[in-house]
Structure formats: C-alpha cells, structure tokens
Amino acid sequence: MIDSQTAAFIQTGVSISVAACGADRLPSMSRGMGCLVSDNGREVRVFVKRSQAAELIENICYSARVACVFSLPSTNRTVQLKGSDARMEVFDAADLAVVEEHIALFLEQVVPLGIPEEVVRVILAYTADDLATVVYTPSAAFSQTPGPKAGKPLD
Amino acid sequence: MSVRIETIRECLEGVIPGQIATCDPDGMPNLAYLSQVQFIDNEHVALSYQFFNRTRQNVIAGSPVRLLLTNHRIGAQYRLRLEYLRTETAGSLFE
C-alpha cells in the first residue's frame, strides 16, 4: 500500500516505465501510458502498449514480479514501486481518459525542457485496442531521486 | 537483432534519459534511469554508476542487462541487451 502523497505523485505527468524478468533473468521493459491507483492505495494499474510490451507481458505472466519507475522530468523526483502479484488485465475503455490526461500532463513537463511535442506524441502514440493493463500491489517502495538517498526505501 | 551502436549514438546522450533494467537472484526486476551512456565502439558501451546500488549489485551477481534508449529527435526507441564485462576505476576510459 502506498501513501496518498505517493499515489498522487505517480498519477501526475511522470515518465513511467515497467520491467519484469523471464526465466533466464533477462529483464524486459516498456514505457507506461499512464497510471491509476485504486483500492485506497493498495492497487496500482499501469497501462502499456501490447505491441511494444510483448516480452514484458510474457514475463509478468511468468513471474508476477514487476518494478515500475515513476519520474517527474521537471524535478527528477523518482519513485520505484515493486510488487510480486502482478497480473495482466484487458484494458478498460473507461481508462482512456487517464491515458489522455497522462499524455497532456507529460507534455506539460517535457516540452519546456526542450523535447519537441511531436516527438513526445510519437513516443506515446497509441490505439485503444493495443493497450493492456498491468495490475499489482506495491510491496516495496524506493526513492530513486538522484542523490545520496537514491535506492533507499521511501520514508 | 544486432545493432551497430554508432547508428543510435544520438540516443546515448541522455537528452531523453535512458533506462537500465536488471534482475536480482530471486527474479525481482529493478529499473533505474541513466543520465548518459558512453560509446566505446560498435559492440561496447560504458555506464558510470554513482547511485545505482541495486543495479550494480544485480550486475555483479550475474544479471543480464537491458537498456531502453530513446532518440530525442524522432522518438524511436531501442532495447539493448548487454553483458557485463568489467569495472574500471582508473585509466583513460574511467576519466
């Protein structure tokens, strides 16, 4: 379970990445297309593009272990949430608004940093029928904001 | 697919930060951002570590490594599979 502050943070314009490992320990990773915290902070739902996450999805189905990193470009504040009960769910069209809001908030973050909007839109381009949802309970949370506390469990 | 690293050299600059994924001995993944990836030649890169304790632990323990790199001009993304060779703490490459 994550606190309300962390829950709010990971649902803003953060960069999102998801990783899982296969039987050979080879990690796979993919960008997240938005995040939704539900069940009062007990459940994190991250959206991924199936076309870019086939190996990741296979690994999640194999191991159920997952790590997600959420990083706010304007501040470099970064949080990693890990879990051991991850599963894949069919994308719920009701969550399209979350994806669209994520893209808008992420653009607000990175365009002022000099990344052209059209490049960001290429990176985050999607079709609804290509989306899938990673669902898990965060069982460990770490700060990864650059600095001496990087890697420490969240307070 | 094998890639000549020089063809994606722009992605190493860190304009859009790269990411490194590793795996601990229990199968738990770890992700970290990279500010820069150093080009050595078409088959080798160097990564400096300062705060990547878990990443480093996993690599030393034999984890395969994956990088996700993004081209900041066209948005193309590349996943690289790396194998750890050695750590250098002195010399021209280190400096």
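For clarity, every value in this text was computed on a predicted model and none was experimentally measured.

Draft legend 1. Seen up close, the pattern of salt bridges. Residues and elements named next belong to chain B. A complete count under the given rule lists nine salt bridges over all chains for this structure. With a shortest N-O distance of 2.7 Å, Glu-6 and Arg-4 are connected by a salt bridge. In this structure Glu-6 comes out as partly exposed when scored by relative accessible area, which is 40%. Exposure remark for Arg-4: the relative accessible area of 48% places this residue in the partly exposed category.

Draft legend 2. Representation of the packing of aromatic side chains in the model. Residue and element names in this part refer to chain A. Scanning all chains against the criterion turns up one aromatic pair over all chains. Measuring from ring centre to ring centre gives 5.3 Å for Phe-47 and Phe-91, while their planes differ by 90°; the resulting arrangement is edge-to-face. Placement of the pair is Phe-47 in strand β3 (residues 43–49) and Phe-91 in the loop between β6 (87–90) and α3 (96–110), with a sequence separation of 44 residues. A relative accessible area of 0% places Phe-47 in the buried class. Classification of Phe-91 by relative accessible area gives buried; the value is 12%. The side chain of Arg-77 reaches across the aromatic face of Phe-9, ending 4.0 Å from its centre.

Draft legend 3. Expanded view of the sheet that holds β3 of chain A. Residues and elements named next belong to chain A. Strand order in the open sheet made by the eight strands is β6-β7-β3-β2-β1-β4-β5-β8, with antiparallel pairing throughout. Every interior strand has two partners, whereas the edge strands, β6 and β8 (140–143), have only one. In this sheet, neighbouring strand axes are inclined to one another by 30° on average, regardless of whether the strands run parallel or antiparallel. With five bridges joining them, strand β1 (residues 15–21) and strand β4 (residues 66–71) adopt antiparallel strand pairing. Counterpart to Ser-15 in the pairing with β4 is Ser-71. Packed on one face of the sheet, helix α2 (residues 54–63) meets β1, β2 (27–38), β3, β4, β6 and β7 (131–136) and runs near 55° to β1.

Draft legend 4. Summary view of the nonpolar core. Grouped together as the largest cluster of nonpolar side chains are 27 residues, with contacts concentrated most on Ile-10, Val-44, Val-66, Phe-70, Leu-81 and Tyr-136 of chain A. When residues of this core are traced back to their parent elements, those giving at least two are α1 (4–10), β1, β2, β3, α2, β4, β5 (78–83) and β7 of chain A. Residues in contact with Val-66 of chain A, not counting those within four places in the same chain, are Val-18, Ala-19, Ile-60, Leu-81, Lys-82, Gly-83, Ala-86, Val-134 and Tyr-136 of chain A together with Met-28 and Pro-29 of chain B. One finds Phe-47, Val-98, Ile-115 and Ile-123 of chain A within the second-largest nonpolar core, a separate group that totals 16 residues.

Draft legend 5. Highlighting the interface of chain A and chain B. Contacts between the two partners involve 36 residues from chain A, matched on the other side by 37 residues from chain B. Roughly 2800 Å² is buried in total at the junction of chain A and chain B, and carbon and sulfur atoms are behind 58% of that figure. Taken as a group, Arg-25, Met-29 and Arg-31 of chain A account for 27% of the area that chain A buries against chain B, more than any other trio of residues on that side. Seen at the junction of chain A and chain B, the total is one salt bridge. We note a salt bridge from Glu-55 of chain A to Arg-66 of chain B, for which the minimum N-O separation is 3.0 Å.

About the criteria used
Residues numbered from 1 in each chain as written. Chains lettered and ligands numbered in written order. Predicted model: local features only at pLDDT ≥ 70, side-chain atom pairs only at ≥ 80, totals over all residues. Heavy atoms only, no water. Salt bridge = Lys/Arg side-chain N within 4 Å of Asp/Glu carboxyl O. Buried < 20%, exposed > 50% of the residue type's maximum accessible area, 1.4 Å probe, protein only. Phe/Tyr/Trp six-rings, centres within 6.5 Å; stacked < 30°, edge-to-face > 60°. Helix = DSSP H or I, 4+ residues; strand = E, 2+ residues; numbered from the N terminus. Lys NZ or Arg CZ within 6 Å of the ring centre and 35° of its normal. Pairing = 2+ DSSP bridges. Axes fitted to C-alpha atoms, helices over the stretch in contact; angles between N-to-C directions. Contact = heavy atoms within 4.5 Å. Core = buried A, V, L, I, M, F, W, Y, C linked by side-chain atoms within 4.5 Å. Buried area = accessible area lost by both parts, 1.4 Å probe.

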